[in-house]
Amino acid sequence: LLTGVNRSHPFLPRKDAAMEKHVDALYKIAHTAPPAASTQALMLLFNLAVGTHSGGSTGPGPKSDAYNARMDRFYRALYSKVGDPSMLVGRQLTMFFNLVYKATKHDPDGVRSVALAKRLLHTSAHSSAPIIAG
């Protein structure tokens, strides 16, 4: 279900109130679900926090409190999942690393990006050889 929502998200209106009221449920899924569902939930939350729509910035700007709160909450959830060793096994690994890359690339806070990279390095150092090499 989350895969379909992720695929259709770019075609939704920029400010979708129906999607906004389910954000808390998405964070609950991201924190408690198995790795595949958690990755899909984090991908959708990334799209909601950062935005994937092209065009002008009609939503909240990077300096607004609402935008900063959404970004902080998303990066906190991602940071906790990067430290979870179960996220580094299974078929969702490529999607998870792609999400970490995109999130790091779009993060305006350099200190947070460095902390995320350190956490990923620490977690991968305790992983299996294919994860470390790949």
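Residues numbered from 1 in each chain as written. Predicted model: local features only at pLDDT ≥ 70, side-chain atom pairs only at ≥ 80, totals over all residues. Heavy atoms only, no water.

Trainee: How would you explain the overall build of the protein chain if you had to name every residue and give the values?
Mentor: Across its full length, the protein chain holds eight helices and zero strands. In the protein chain, 68% of the contacts between residues at least 6 apart in sequence involve partners at least 24 apart. Entry remark: accessible area of the protein chain is about 8000 Å², with carbon and sulfur atoms responsible for 62%. (Helix = DSSP H or I, 4+ residues; strand = E, 2+ residues; numbered from the N terminus. Contact = heavy atoms within 4.5 Å. Areas by Shrake-Rupley, 256 points an atom, 1.4 Å probe, with all protein chains shown as cover.)

Trainee: So what about the side chain of Gln92? Which residues, and what values?
Mentor: With respect to the helices, strands and loops of the structure, Gln92 is situated in the loop between α5 (65-82) and α6 (93-106). Within polar-contact distance, the side chain of Gln92 engages the backbone oxygen of Met87 at 3.0 Å. Aside from chain neighbours lying at most four places away, what touches Gln92 is Pro35, Ala36, Thr39, Ser86 and Met87. (Polar contact = N/O pair within 3.5 Å; in protein donor to acceptor, adjacent residues only side chain to side chain.)

Trainee: Describe the side chain of Ser113, with residues and values.
Mentor: Inspection of the secondary structure assignment puts Ser113 in helix α7 (residues 110-125). Judged by relative accessible area, which is 13%, Ser113 ranks as buried. Those residues in contact with Ser113 that lie beyond four places of it in its chain are Thr104 and Asp107. (Buried < 20%, exposed > 50% of the residue type's maximum accessible area, 1.4 Å probe, protein only.)

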